[in-house]
Amino acid sequence: MTARRRLLSTSLTAGESQDLRVVGGHGAWFRLADGREVIDASNTAAPLGHCHPEVMEAIRRAATAPVLNEGWQWAERDEAAEDLVGIAFAGEDWVGAVRFFISASEANDAALALCQALTGRAPLATRERAYHGGAGLARELTVQPHWHGGPSSAQGVAAPPRPAPVPELPAPRGARGAREGSCVSRRNRWGTGTKFSRGCARL
Ligand SMILES: Cc1ncc(COP(=O)(O)O)c(C=O)c1O
């Protein structure tokens, strides 16, 4: 069994070709197993580029700190919260406090659950093409079907039940192509609305 066969993956893969194996990266570039360097046009995971020296140094420093859960006080975390409110939200008087999560999926899930708790209402809505994470309520707002599948076999994919229907609103105009309404929408497989299909067709 190859290493790849040990991975449970979605259908979102770059394929099995050994030529496309990434062995390194720097800036906007991937280095492939066959020695080629290609631009990484795929990723949101390295907004400052691969192996940015300041990011590597920050990670190295963090790894030298003790591992704490949120119950323990940690001055740098308090400072980071102050900085976020003071810099990213400067002038926004509605901002009260900050909570840190280890992933955006977790943060979105908590924010959506908070909205449900505050309004007393469960229904959620999303937009065509949206990706908001791969877990919890964030995944419910993610429309791409490969995040909603279960185990696949010759009989097809056994999809888990959805906790609640989530209607999909049209994508914002700027994301819909040159002409308004130029995307062909389809009923999604839950029958709850329209769905973006990869390679949005122009009318
Ligand atoms: C818009 C958006 N929301 C949420 C997420 C989920 O982030 P994470 O992988 O940290 O859970 C992503 C990840 O690409 C994203 O692009």
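Structure: see above.
For clarity, every value in this text was computed on a predicted model and none was experimentally measured. (Residues numbered from 1 in each chain as written. Predicted model: local features only at pLDDT ≥ 70, side-chain atom pairs only at ≥ 80, totals over all residues.)

Chemist: Mind laying out the overall build of the chain, listing which residues take part and the relevant values?
Modeler: Check the secondary structure of the chain and you find 4 helices and 9 strands. Moving toward the C terminus, one meets the helices and strands of the chain in the order β-β-β-α-α-α-β-α-β-β-β-β-β. Expressed as a percentage of the 203 residues in the chain, the buried residues total 9%. Pairs at least 24 residues apart make up 40% of the contacts formed inside the chain by residues separated by at least 6 positions. (Helix = DSSP H or I, 4+ residues; strand = E, 2+ residues; numbered from the N terminus. Buried ≥ 20, exposed ≤ 12 C-beta atoms within 10 Å, placed from the backbone. Contact = placed C-beta atoms within 7 Å.)

Chemist: Talk me through helix H3 (residues 104–119); I want residue IDs and the actual numbers.
Modeler: With 16 residues, H3 ought to run about 22 Å at 1.5 Å a step, and its terminal C-alpha atoms sit 22 Å apart, in line with that. Within two residues after H3, Gly120 carries a phi angle of roughly 75°, on the positive side. (Expected span 1.5 Å × (residues − 1).)

Chemist: Describe the environment of Gly49, listing the residues and the values that go with them.
Modeler: One can find Gly49 in the loop between strand S3 (37–39) and helix H1 (53–63). Overall, the presence of 15 C-beta atoms within 10 Å leaves Gly49 in the partly exposed class. Every residue in contact with Gly49, bar those within four places of it in the chain, is listed here: Gly27 and Ala28.

Chemist: How would you sum up the site of the ligand? Please name residues and give values.
Modeler: In the region of the ligand, the neighbouring residues are Thr44, Ser103, Ala104, Ser105, Asn108, Tyr131, His132 and Gly133. The residue makeup of the shell around the ligand, split by class, is 2 nonpolar, 6 polar and no charged. (Near = placed C-beta within 6 Å. Nonpolar A, V, L, I, M, F, W, Y, C, P; charged D, E, K, R; others polar.)

Chemist: Tell me what's going on with the sheet that holds S3, and back it up with residues and numbers.
Modeler: With antiparallel pairing, 3 strands are arranged side by side in an open sheet as S1-S2-S3. At either margin of the open sheet sits one strand with a lone partner, and together these are strand S1 (22–26) and S3. The average undirected angle you get between the axes of adjacent strands in this sheet is 30°. Note: S1 against strand S2 (residues 29–32), 4 bridges, orientation antiparallel. Within S2, the position partnered with Gly25 by the bridge is Phe30. (Pairing = 2+ DSSP bridges. Axes fitted to C-alpha atoms, helices over the stretch in contact; angles between N-to-C directions.)

Chemist: Help me get a handle on unusual backbone geometry, residues and values and all.
Modeler: The phi dihedral of Cys51 falls on the positive side, at around 55°, and the residue is not glycine. Take Cys51: it is sitting in the loop between S3 and H1. Its identity as a non-glycine residue notwithstanding, Arg129 has a phi of 70°, on the positive side. The topology assignment puts Arg129 in the loop between strand S4 (126–127) and helix H4 (136–140). Arg129 gets classed as buried once you count the C-beta atoms within 10 Å, which come to 20.

By themselves these figures say nothing about function.
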